[in-house]
Amino acid sequence: MYEELSAKDLLNALVNDHYEKAFHAKEQGRPVGWVSSNFPQEFIEVFDIDVVYPENQTAAISAKHESEEMINIAEGYGYSSDICGYARVNLGFFNKGHSEAMNMPMPDFILCCNNICNQLIKWFENIAFELKIPMFLLDIPFNVNYEITEERLEYMRSQTVDLIHFLEGISGKEYDSARMKEVMRISNETAKQWRRLEALSQRTPTAVNGFHLFNYMALMVCARGKESTTECIRKYADEIEKRGEEGGSFFKGEQKYRLMMEGIACWPYLRHNAKYLESKGMNITGSIYTQTWGRMYNNLDEMLISYSNVPDCINLERAVDRRKTIAEQANVDGMMVHMNRSCKIWDGFLLEMMRRVSNDLELPYITFDGDQSDPRVFNETQFELRIDTLDELLEEGRNSDGI
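Cut-offs and rules
Residues numbered from 1 in each chain as written. Predicted model: local features only at pLDDT ≥ 70, side-chain atom pairs only at ≥ 80, totals over all residues. Heavy atoms only, no water. Helix = DSSP H or I, 4+ residues; strand = E, 2+ residues; numbered from the N terminus. Expected span 1.5 Å × (residues − 1). Buried < 20%, exposed > 50% of the residue type's maximum accessible area, 1.4 Å probe, protein only. Contact = heavy atoms within 4.5 Å. Salt bridge = Lys/Arg side-chain N within 4 Å of Asp/Glu carboxyl O. Pairing = 2+ DSSP bridges.

Caption draft 1: Quick look at helix α14 (residues 316–329). Over its 14 residues, α14 extends 20 Å from the first C-alpha to the last, a length consistent with the 20 Å expected when each residue adds 1.5 Å. All of the buried residues in α14 are L316, R318, A319, V320, R322, R323, I326 and A327. Tucked inside the fold, the buried residues of α14 contact β5 (257–262), β6 (282–287), α12 (288–291), α15 (344–348) and α16 (350–361). Downstream of α14 by one or two residues, N331 has phi in the positive range, about 55°.

Caption draft 2: A look at the pattern of salt bridges. All chains considered together, the criterion is met by 31 salt bridges. The partner of D50 in a salt bridge is K21, with the nearest N and O atoms 2.6 Å apart. A residue pair is termed long-range when its members are at least 10 positions apart, and D50 in strand β2 (residues 50–52) and K21 in helix α1 (residues 7–27) qualify at 29 residues. Of the charged contacts in the structure, one is a salt bridge between R88 and E75, with a shortest N-O distance of 2.9 Å. Here R88 is found in helix α5 (residues 85–96), whereas its partner E75 is found in helix α4 (residues 67–76), with 13 residues between them in sequence. Judged by relative accessible area, which is 0%, R88 ranks as buried. Residues joined by salt bridges that share partners form a network here, namely E75, R88, D374 and R376.

Caption draft 3: Structural detail: unusual backbone geometry. Put simply, T204 and P205 share a cis peptide bond, and its omega is -10°. When you line up the elements, P205 lands in the loop between α8 (177–201) and α9 (210–222). At D48, a position not held by glycine, the phi torsion is positive, near 55°. For D48, the location among the structural elements is in the loop between α2 (41–47) and β2.

Caption draft 4: Expanded view of the pairing of strand β3 (residues 109–113). Buried residues dominate β3, accounting for five of its five residues. Of the two faces of β3, the one holding F109, L111 and C113 and the one holding I110 and C112 are both buried throughout. Strand direction decides the pairing type here: strand β1 (residues 32–35) and β3, joined by three bridges, are parallel. In the sheet register, W34 faces β3, and the bridge partner there is I110.

Pasting the structure below:
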């Protein structure tokens, strides 16, 4: 039924269906869960449980300029301005009970995975306590080693038994291993199409507008194991490939420079950032933020390992190597780094990581201050001046220790 829709229209339709389905489940008396973005969605799909993702919702609220209101509500209840912007937006929404930009039903249970950060635990624990609802934590702590050890894998594997029992209790269904294989197959095909998008981004010139990929990440978070998502991402890749074959691009204007973006998108100013870069002929052709959703695997162990290799869960050496690979494959000329006030674990070794990448690859980079959700800590003039500086560095062909 989606054949006649463009990829963009299909994306919007599927996202709307996702929230409508959750509201319908709530109305019918079925349990609805809130889930962290990098929780293994495969288990959720197996049980066909209705869930929504607060991080998806807060990104949408932020992009639609409602985040400051939610943040003020949360801080009015005593939540510190130092905690994550996503958390404050969601806690503001939780206390207000409604959002004009992107509404979603309240949870009956919570699924949390701390492979992004441990602040998620306290954020979700607080909501579970307030509502007196069950919460399951899948513990995937920060990996100080370069590779995943057998001991670490066994620790993750052992928790899946309890996870299955928890989801059986929520859904009233028994675990189906054949269904898990099918969900994994679909998820892999979706990831294959996502990697195809990355490969198209890496072409010179590219028909991809790098900022557009951020929008499609919503489906990769909440519905990677659905065939409709596979179709949407395939359709988008087909459109890009066709545009490229015709000599065009979804990036408007001259493609003067190719950049790697480091960090989470500054959602309240996404349009501003995209437009200003476009005016300078700068296109995003590489980003670990988008790359992480192309996870592929052959079995349960490899799936768990993939969830232990998300950007905020790997050590400095592996983080550097991944950025260098992205920069080289995307053939970038320079890098822009979002010093995100919200994401403390990401920022922790960000400057040292970028210094190493810059020195090893002889690539200039600039930093800019901002936040994934809080518009009060971003300054348009600073961003534009930093991008102007990067433009000058690229024009002169000079390396930089970061500005």
